[in-house]
Amino acid sequence: MKIALIVECAYGGPDAIIYRDVFKRLCPKAEILEPDPMGSKGRLLREAPLKVKTFIDTGCDYVFILWDKYPGDCDEDNASLTKDIEALGVSMHQVYLNCIVETLESWLIADGRG
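Notes on the structure in this doc start here. Keep in mind it's a predicted model, so treat the numbers as computed, not measured.

Each value, and the rule that gives it
Residue indices follow the written sequence of each chain, beginning from 1 at its first position. Given that this is a predicted model, residues contribute local features only at a pLDDT of at least 70 and side-chain atom pairs are listed and counted only at 80 or more, while totals for whole chains, interfaces and linings are drawn from all residues. As a rule here, side-chain values cover all heavy atoms of the structure and leave hydrogens and water aside. Helix and strand definitions follow DSSP, with helices as H or I runs of at least four residues and strands as E runs of at least two, each counted in order from the N terminus. Contact criterion: two residues are considered in contact whenever any of their non-hydrogen atoms come within 4.5 Å of each other. Residue count minus one, scaled by 1.5 Å, sets the expected span of a helix. The classification of residues rests on relative accessible area computed with a 1.4 Å probe and restricted to protein chains. Under 20% of the type maximum is buried, over 50% is exposed, and intermediate values are partly exposed. Every axis corresponds to a line fitted to the C-alpha atoms, with the helix fit spanning only the stretch in contact, and the corresponding angles, defined between N-to-C directions, vary from 0 to 180 degrees. What sets the label is the angle itself: under 35 degrees gives roughly parallel, over 145 gives roughly antiparallel, 65 to 115 gives roughly perpendicular, and the rest give oblique. By the definition used in this description, the sense in which the near helix is turned from the far one sets the handedness, with an anticlockwise turn below a right angle giving left-handed and a clockwise turn giving right-handed. In this description, the term disulfide denotes a pair of cysteine sulfurs within 2.5 Å. Nine residue types can take part in a nonpolar core, namely buried Ala, Val, Leu, Ile, Met, Phe, Trp, Tyr and Cys, and a core is a set of them joined through side-chain atoms within 4.5 Å. The directions from the helix axis to the C-beta atoms form the arc being described.

### Structural notes on the overall build of the protein chain
Moving on, step 1. When you go through the protein chain residue by residue, the secondary structure sums to four helices and five strands.
Moving on, step 2. In the protein chain, the order of α-helices and β-strands from amino to carboxyl end is β-α-β-β-α-β-α-β-α.
Moving on, step 3. At a minimum sequence separation of 6, the contacts of the protein chain that also span at least 24 residues come to 73%.

### Describing helix α2 (residues 41-57)
Moving on, step 1. A rise of 1.5 Å per residue sets the reference length of α2, with its 17 residues, at 24 Å; its end C-alpha atoms lie 24 Å apart and thus fit the reference within 8%.
Moving on, step 2. Buried residues of α2: Lys41, Leu44, Ala48, Pro49, Val52, Phe55 and Ile56, and no others.
Moving on, step 3. Buried residues along α2 sit against β1 (2-7), β3 (36-37), β4 (62-68), α3 (74-87) and β5 (95-100).

### A look at the packing of α2 against α3
Moving on, step 1. Following both chains from N to C, one finds α2 and α3 inclined at 30 degrees, their axes separated by 9 Å at the closest point. As judged from the angle between their axes, α2 and α3 are roughly parallel. The hand of the α2/α3 crossing is right-handed. For the pair α2 and α3, the contacting residues are Lys41, Leu44, Leu45, Ala48, Pro49 and Val52 in the first and Asp77, Leu81, Asp84 and Ile85 in the second.

### A short note on the state of the cysteines
Moving on, step 1. Enumeration according to the criterion identifies one disulfide in this entry.
Moving on, step 2. Between the sulfur atoms of Cys74 and its disulfide partner Cys99 the distance amounts to 2.1 Å. Classification of the bridge connecting Cys74 and Cys99 rests on its S-S torsion, roughly -70 degrees, and on that basis the disulfide is left-handed. With a gap of 25 residues between them, Cys74 in helix α3 and Cys99 in strand β5 connect regions that are remote in the sequence.
Moving on, step 3. Cys74 sits in the buried class, given a relative accessible area of 15%.

### Topic: the nonpolar core
Across soluble globular proteins, nonpolar side chains have a tendency to be buried as a group.
Moving on, step 1. Membership of the largest hydrophobic core comes to 19 residues, with the highest contact counts inside it found for Ile6, Leu44, Val52, Phe55, Val63, Ile65 and Ile85.
Moving on, step 2. The set of elements that each furnish at least two residues to this core consists of β1, α2, β4, α3 and β5.
Moving on, step 3. For this core, the leading source of residues is α2, giving five residues.
Moving on, step 4. Apart from residues no more than four positions distant in its own chain, Ile6 is found in contact with Asp36, Met38, Leu44, Ala48, Lys51, Val52, Phe55, Val63, Phe64, Ile65 and Leu66.
Moving on, step 5. Cys9, Phe23, Ala30 and Ile100 belong to the second-largest nonpolar core, a separate cluster that totals twelve residues.

### Describing unusual backbone geometry
Moving on, step 1. Look at the link from Tyr70 to Pro71: it is a cis peptide, with omega at -5 degrees.
Moving on, step 2. Secondary-structure assignment places Pro71 in the loop between β4 and α3.

### As for the side chain of Asp77
Moving on, step 1. With respect to the secondary-structure elements, Asp77 resides in helix α3.
Moving on, step 2. When neighbours within four sequence positions are excluded, Asp77 is seen to be in contact with Lys41, Leu45 and Trp67.

### Concerning α3
Moving on, step 1. The end-to-end C-alpha separation of α3 is 20 Å, in line with the 20 Å expected for 14 residues at 1.5 Å each.
Moving on, step 2. When we look at burial in α3, the residues that qualify are Cys74, Asp77, Leu81 and Ile85. In an axial view of α3, the angular spread of the buried residues amounts to 65 degrees, which keeps them on one side of the axis. For α3, the exposed residues lying more than 90 degrees away from the buried face are Asp75, Glu76, Lys83 and Ala87.

Below, the structure is given as structure tokens:
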């Protein structure tokens, strides 16, 4: 199984580092690609749909998109991404949209083991 991650943070940011490690631990037999960092939520919302199509077309089984809720609304972001991804002919059965309500940094602060 081949999994791609599209994340909101900049290259080398905490999301790209931590989420890839989490996926590797949860799916040790899967091939987890290097996360594709977007640098901002606006860019993620604009460019992720085409990136999803490219990942699926080049053999990825699943694509996960992870972004922070703030600023904005998870339902609106999900609806926008779903519409744009489906317009490219990609099945949402291969795409997982993950709007993070509490930022990664707050997870690490709340859990001393992080």
